Amino acid sequence: MGSLFRSEEMALCQLFLQSESAYTCVSELGELGLVQFRDLNPDVNAFQRKFVNEVRRCDEMERKLRYLEREIRKDGIPVQDTGENPEAPMPREMIDLEATFEKLENELKEVNSNAEALKRNYLELTELRHILKKTQGFFDEREGSMEPGGQTSLTQNLLPEDTKGPIQLGFVAGVILRERIPAFERMLWRACRGNVFLRQSEIEDPLEDPATGEQVLKSVFIIFFQGDQLKMRVKKICEGFRATMYPCPEAPADRREMAMGVKTRLDDLNTVLSQTQDHRHRVLVSASRNIRIWMMKVWKIKAIYHTLNMFNLDVIQNGLIAECWIPVADLETVQLALRRGTEKSGSLPAILNRLTTIEAPPTFHRTNKFTKAFQNLIDAYGVATYREINPAPYTIITFPFLFAIMFGDFGHGVVMALFGAWMVWKEKPLSAKKTDNEIWNIFFGGRYIILLMGLFSMYTGLIYNDIFSKALNIFGSSWHVSLSDEELSHEKEFMLDPTNDKQYEGAPYPFGLDPMWQISTNKINFFNSYKMKISITFGIIHMLFGVALSLWNNRFFQKTLNIYCEFIPQVLFMCCLFVYLVMLVFHKWVWYGGVGSSGETAPGCAPSILITFINMVLMKGYEEKKPGSVCEPYMYAGQFGLQRFLLVVALLCVPWMLIAKPYLMHRNQKRRQMMVQANGGEGVIEEGGVTAEAPAAEQEDMGEVMIHQGIHTIEYVLGSVSHTASYLRLWALSLAHAQLSEVLWGMVLRIGLSSGGHSGGIILYFIFAAWASLTIAILVLMEGLSAFLHTLRLHWERKEVSKESRIVGTRVEFQSKFYYGMGYAFIPFAFETILEQAEENVVAEQCK
Amino acid sequence: YIFLFFQEKMLDSAFNIDFGYLEGICRGFKNGILKQTDYLNLVQCETLDDLKLHLQSTDYGNFLANEASPLQVSVIDDKLREKLVAEFQHVRNHAVEPLTLFLDYITYGYMIDNIVLLITGALHQRPISELMPKCHPLGTFEQIEAINVASTSVELYNAVLVDTPLAEFFGECISEQDLDELNIEIIRNTLYKAYLESFYNYCQSLGGATADVMCEILAFEADRRAFIITLNSFGTELSKEDRSKLYPTCGKLYPDGLAALARADDPENVKQVAEFYAEYRALFEGAGNNPGDKTLEDKFFEHEVKLNVNAFLQQFHYGVFYAYLKLKEQECRNIVWISECIAQKHRAKIDNYIPIL
């Protein structure tokens, strides 16, 4: 049997590795990905382990590569991903790699610092150019307002003529970040007591900050003031606000000349800058070709050394000792890999020993891309106990099926199936595109589930005969309206009589529900009863199946006690009450109604099953046939007696479950004690040797066993009632879905369809868009999600396990019948997963 | 009375509407504070790279991953502070009133330190650009770099501080005197006194658990300042009268203890004052300058850590934010101390850090 039904058998192995070949062996095992190493020195600090220096070197290489990658991304150069998977390089290659990275990093740093200096220069020149341009504006303004004859220096005119003598005003021009202007202005005013005059003008195009490479908005300002003291002060403030000041000549001619100079220098700089950029680009492009491979190599080396750090040193033989879990089926492959590893390094072969242990091995389910999603659904609740029955293979069918019962609509099913099929079809290109989008990743991870859910929904949709809330009449309805059109036009409603063979053919619609129901007024009543019964039926089958699986579990673990004291009474209890209920349902369906039925099988005579069942459990007395009525109160002869019998059996099962197991365990324990006393000390050793875990389990406190068993019993008995009720969610959600889809059709699309004329076509166009998007968003997405969650709940179990008391709390529905989920997952040392994780980190960082 | 009780309960439950997320995040951060076992591991480190490796396994994670080896202590210091500031800013950015003001109050203390640092630097003719990296990032404000415009305290007030929140604390120290070293110290302490008192009053006005927790911490802070000012004033030009003006009056020493401190002439007198207060007596008694003894400063730090840890025992109050910041600062000091000891191969005193949890 494949390991999907049970987790694989695991073996704890000890590995003796020669120190020369340890690295290559671990590398081979990493490629294989079938071995889970145990940390043999958990108490040792990270920095006190043997290969800490190597790990540190890897960290350093990783840092350099990250730096490189950042730079590559900054320039928008695509990183080539050839999909190649390089082998982990030999330790001696590490030095080469380190040298390469070192060289690259230094080169890049040098180029960057050059570029930064150039850019700073460039920025200064551009700022200066702007200043010259803008101040020209300021001065021009002044000149324009002046009387034409005034040929004095510009700055003189700021003061009225009547002051004695021309007072020379000084000025400072510069550039400042735009957002700092208000504070700057206020500060100037405060510090200089209003004795300065500030003009500013915005530079329209953003400038690049050479240090960070960001685009910043700046403004040109010019400040006029008088006297040296103020000048000092203004300069200090400018410095304080990180404004850059530039010399700006006073005479227009000088300014023009300077502007020309600046322009030529800018042009020169531009060519130099583009050369530097070209150089940088070349370096980065050549690096971008290899960076993926380098990254992988470094990650692999790091992973290997991390693993080696978990090993014990064997001082005598100069080797390393590792302990690891290996699936028994793969021991051979692992041996081969080890041989390859030792051959590569040319040293003595590695030795693999199987150890016996009482420790619980990890749970390992071999999955493929199809079963993986289902396995994840199960594991998300709890990893199976070692070698426990794995619910995943059954889930592959039951999960989409229960979902489809709630989501039964052919149209919506088609939409969902197409989406799933598209994802499965485009699997490779889609999975190659790595995104950080969590929602997409969830959908994509569950593509096979979605596809199956869609297909099953199509099937149930056909059974319900429900396509966007409309029915298909493929085979022709079995119901006929016997009136003529003339007569019908007067009637608003018309009742069809199933006993009338003109109106009912006598045989039901061949597949699914009769399309007639979709347009009948008592549609809801009919669907209610139908879907409720369906959901109870499937629920009971599902639960019974769960209980049956526990038989396999118990037989596998050879817990015969559990079979006799738990499994049998559980099945009996379930059958006597709930399976009987289901049988009543079918009996009622077959026995009553339809063409040709009369007397006690007439449609009106069918008793309510709910009432019947309640009466049965409440042990109501025998009911006499009502006088004057053709109907029998019971569905078949001897029903009363059978029901009593079943109830008594079911009730007897409760103490059986409650007491039998603790009592038998107690008796066994006593007998063993007596045996030990009779045999003396020898017996103990023998016992302990044969069954390693048995004594520990048996000597558990009897009181605890009692409590445990009590809780288990109560949980089962109450659970089977509440779980049965819980399966009614199938009915509720299915009805809700059908109703919603009907409302959407009636309230939205009908408006479009019923509007006539040319304008009607246009209206329909928009209304259809609205209807379609609402269908997708609400019915397929939201309803689908809610149905999914409910299905999940029906499959999962919910339990509150407190480890100390090992009391298993409430567990629900299917899995609770057999699944403990107390194991821990097998996490093999595999480069594949390590690389995936590392890459995810990179993607996450990029998205930041 | 019932109404009051009800209102109080209501306030408690309403606390989470606005601040539950932030308090939760703060408590989460607090759980990342290094434990005693972490310190035991850290002091075993041989090099700073070992230290980095160990910090990687704590909540600090990869905060040093992008730094080239060999590490410098100053780099570690910067990164530690950067991380703390980022956390604080995150909380500050998500805060609404009155937590916003509370958090701002915390930053005022750093502003005072920064101003004093810059002015002192300016007095020694150091360029501002060189000093700025030394300023605490929580205490920066827009005008701070232009601070060397001022040569007297009046100018300092009129030009720089009048637009900052510190303006209200500045009232008492306006004078036409030129700024010199003593002057600056006086300004710092006066500012700090006004700041602490204002913060104290503000916390009291918030009421509830915030007042309980914060007043306790701030009272201790005030008293510590009073003690330290007194101890540092011996042998300086500071007159007793001036000295007594610097004592924050929101501590437990107020008024009798402060009056006694004002009269103190030597450290012995200070110790006598502390004798009257149970918690301070213990601090002074345990302290000493002999090798192996803990210094008074460390004793004060230890007591502060205790108070801050206690702040986390109550829920629904703002004190946790203050306490977290202070605890984390202490942790940064610890890590830097250990790193210094490792870097200088001077391991004798490596155990002089102050464990937090």
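Residues numbered from 1 in each chain as written. Chains lettered and ligands numbered in written order. Predicted model: local features only at pLDDT ≥ 70, side-chain atom pairs only at ≥ 80, totals over all residues. Heavy atoms only, no water.

A. Molecular detail of the overall build of chain B. In terms of regular secondary structure, chain B is built from 15 helices and zero strands. Relative to the globule expectation of 21 Å for 357 residues, the C-alpha radius of gyration of chain B, 21 Å, shows essentially globular dimensions. C-alpha atoms of chain B, sized along the principal axes, occupy 60 × 55 × 45 Å. Residues counted as buried form 53% of the 357 residues belonging to chain B. Counting only contacts in chain B whose residues sit at least 6 apart along the sequence, the fraction spanning at least 24 positions is 64%. By element, 52% of the accessible surface of chain B is carried by carbon and sulfur atoms, the whole surface being about 16,400 Å². (Helix = DSSP H or I, 4+ residues; strand = E, 2+ residues; numbered from the N terminus. Rg over C-alpha atoms; globule rule 2.2 N^0.38 Å. Buried < 20%, exposed > 50% of the residue type's maximum accessible area, 1.4 Å probe, protein only. Contact = heavy atoms within 4.5 Å. Areas by Shrake-Rupley, 256 points an atom, 1.4 Å probe, with all protein chains shown as cover.)

B. Up close: the overall build of chain A. Scanning chain A from terminus to terminus reveals 25 helices and 13 strands. Rg of the C-alpha trace for chain A: 42 Å, well past the compact-globule value of 29 Å for 848 residues, more than 25% over. If you line up chain A on its principal axes, its C-alpha atoms span 135 × 100 × 50 Å. Of all 848 residues assigned to chain A, the portion counted as buried reaches 45%. Long-range pairs, those at least 24 residues apart, make up 80% of the contacts in chain A between residues at least 6 apart in sequence. For chain A, the exposed area adds up to about 44,800 Å²; of that, 60% sits on carbon and sulfur atoms. Once the 86 positive and 96 negative side-chain charges of chain A are each reduced to a mean point, those two points are 2 Å apart. (Lys, Arg positive; Asp, Glu negative; His and termini not counted. Charge placed at Lys NZ, Arg CZ, Asp CG, Glu CD.)

C. Structural view of the pattern of salt bridges. Per the stated rule, a full pass over the model turns up 49 salt bridges over all chains. As a salt-bridge pair, K369 of chain A and E427 of chain A come within 2.7 Å of each other at their nearest N and O atoms. Linking K369 of chain A in helix α8 (residues 369–381) with E427 of chain A in helix α11 (residues 427–432), this pair joins segments that are 58 residues apart in sequence. Note that K240 of chain B is salt-bridged to D265 of chain B, the shortest N-O span being 2.5 Å. With K240 of chain B in helix α10 (residues 240–246) and D265 of chain B in the loop between α11 (256–263) and α12 (267–275), this pair connects stretches of sequence that are 25 residues apart. Several salt bridges share partner residues, and in doing so they unite D59, E62, R66 and K302 of chain A into one network. (Salt bridge = Lys/Arg side-chain N within 4 Å of Asp/Glu carboxyl O.)

D. Expanded view of the packing of aromatic side chains. What the rule picks out here adds up to 66 aromatic pairs over all chains. With a centroid separation of 5.2 Å and 70° between ring planes, the pair formed by F101 of chain A and W294 of chain A is classed as edge-to-face. One end of the pair, F101 of chain A, is in helix α3 (residues 91–145); the other, W294 of chain A, is in helix α6 (residues 252–308), with 193 residues separating them in the sequence. Residue class for F101 of chain A comes out buried when judged on its relative accessible area of 1%. Note that R447 of chain A overlies the ring of F444 of chain A, its terminal NZ or CZ placed 4.3 Å from the centroid. The lysine or arginine in question, R225 of chain B, covers the ring of Y192 of chain B, its NZ or CZ lying 3.7 Å from the ring centre. (Phe/Tyr/Trp six-rings, centres within 6.5 Å; stacked < 30°, edge-to-face > 60°. Lys NZ or Arg CZ within 6 Å of the ring centre and 35° of its normal.)

E. Here's a closer look at the UniProt feature "transmembrane region" (unreviewed entry) in chain A. All names here are of chain A. In the UniProt entry, the feature "transmembrane region" (unreviewed entry) is given for residues 401–425, 446–464, 534–552, 564–586, 645–664 and 763–789. From the first C-alpha to the last, residues 446–464 spans 26 Å; its make-up is 95% helix and 0% strand. Secondary structure content for residues 763–789 is 100% helix and 0% strand, while the C-alpha to C-alpha distance between its ends is 37 Å. (UniProt positions renumbered as here; feature names shortened; annotations may be inferred.)

F. Geometry of a negative patch on the surface. Residue and element names in this part refer to chain A. Residues D436, E438, E832, E836 and E840 make up a contiguous surface patch of negative charge. The leading source of residues in the negative patch is helix α25 (residues 831–847), at three residues. Note on placement: D436 falls in the loop between α11 and α12 (438–445). Given the relative accessible area of 43%, D436 is considered partly exposed. (Patch = residues over 30% accessible without salt bridge, like charges linked within 9 Å, V, L, I, M, F, W, Y side chains within 5 Å.)

G. Seen up close, the UniProt feature "coiled-coil region" (unreviewed entry) in chain A. According to UniProt, the "coiled-coil region" (unreviewed entry) feature falls on residues 51–128 of chain A. The span residues 51–128 of chain A is 78% helix and 0% strand, and its two end C-alpha atoms sit 57 Å from each other.

H. Summary view of the nonpolar core. Counting residues in each nonpolar core, the largest one holds 146 residues, and the members touching the most others are F184 and I223 of chain A together with L51, F102 and F199 of chain B. When near neighbours in sequence (up to four residues on either side) are disregarded, I223 of chain A contacts G170, F171, V172, F184, L188, V196, F197, L198, V234 and C238 of chain A. Core analysis: the second largest hydrophobic core is formed by 68 residues, F527, I563, Y716 and Y727 of chain A among them. (Core = buried A, V, L, I, M, F, W, Y, C linked by side-chain atoms within 4.5 Å.)

I. Highlighting a nonpolar patch on the surface. There is a patch of nonpolar side chains on the surface, built from Y459, L472, I474, F475 and F511 of chain A and spanning about 500 Å² of accessible area. Residue placement: F475 of chain A occurs in the loop between α13 (447–464) and α14 (485–488).

J. Main features of the interface of chain A and chain B. Taken together, the contact between chain A and chain B spans 25 residues of the former and 27 residues of the latter. Carbon and sulfur atoms supply 48% of the area that chain A and chain B bury against each other, a total of about 2,300 Å² over both sides. Ranking the residues of chain A by area buried against chain B places F47, M187 and R190 of chain A at the top, with a combined share of 25%. Taken together, the links from chain A to chain B amount to three salt bridges. Measuring nitrogen to oxygen at the nearest pair gives 2.5 Å for the salt bridge that ties R190 of chain A to D163 of chain B. For the pair chain A and chain B, the interface holds three residue pairs in polar contact (both at pLDDT 80 or more). Sort the elements by how many residues they give to the side of chain A that touches chain B and helix α2 (residues 52–74) of chain A lands first, with seven residues. Its residues assigned to classes, the side of chain A that touches chain B comprises eight nonpolar, three polar and 14 charged. (Buried area = accessible area lost by both parts, 1.4 Å probe. Polar contact = N/O pair within 3.5 Å; in protein donor to acceptor, adjacent residues only side chain to side chain. Nonpolar A, V, L, I, M, F, W, Y, C, P; charged D, E, K, R; others polar.)

K. Structural context of the sheet that holds strand β7 (residues 218–225) of chain A. Residue and element names in this part refer to chain A. Across the sheet, which stays open at both edges, the four strands sit in the order β4-β7-β3-β8 with antiparallel pairing between neighbours. Strands with a single pairing partner mark the edges of an open sheet, and in this sheet they are β4 (197–202) and β8 (244–246). Each strand axis lies, on average, 25° off the axis of its neighbour in the sheet, ignoring direction. For strand β3 (residues 170–177) and β7, the ladder comprises eight bridges, and the chain directions are antiparallel. Each bridged residue has a counterpart across the sheet, and for V172 the counterpart in β7 is I223. Along the sheet, helix α5 (residues 228–240) makes contact with β7 and β8, crossing β7 at roughly 165°. (Pairing = 2+ DSSP bridges. Axes fitted to C-alpha atoms, helices over the stretch in contact; angles between N-to-C directions.)

L. Quick peek at unusual backbone geometry. Along the chain, E97 of chain B connects to P98 of chain B via a cis peptide bond; the corresponding omega equals 0°. Here P98 of chain B is to be found in the loop between α4 (73–94) and α5 (99–123). Along the chain, Y254 of chain B connects to P255 of chain B via a cis peptide bond; the corresponding omega equals -5°. Relative to the helices and strands, P255 of chain B resides in the loop between α10 and α11. Phi at Q558 of chain A is positive, roughly 55°, even though this residue is not glycine. Here Q558 of chain A lies in the loop between α15 (523–556) and α16 (560–591). In this structure, Q125 of chain B is a non-glycine residue whose phi angle is positive, near 60°.

M. Geometry of the side chain of T612 of chain A. Residue and element names in this part refer to chain A. With respect to the helices and strands, the residue T612 is situated in helix α17 (residues 609–618). Reaching out from T612, the side chain makes a polar contact with the backbone oxygen of S608 at a distance of 2.6 Å. Not counting chain neighbours up to four residues away, the residues in contact with T612 comprise L584, P607, Q639 and Q643.

N. Structural view of α8 of chain A. Residues and elements named next belong to chain A. Maximum bend of α8: about 25°, positioned at Q375. Within α8 the residues assigned to the buried category are T371, A373, F374, Q375, L377 and I378. The N-capping residue of α8, defined by a side-chain oxygen 3.0 Å from the backbone nitrogen of F370, is N368. (Bend = angle between axes of the 7 residues up to and from the residue.)

O. Structural context of the side chain of K297 of chain A. All names here are of chain A. By the element assignment, K297 lies in helix α6. The charged side chain of K297 is buried without a salt bridge, its nearest counter-charge being E93 at 4.7 Å. Apart from the residues within four sequence positions on either side, K297 is in contact with P86, E87, P89 and L97.

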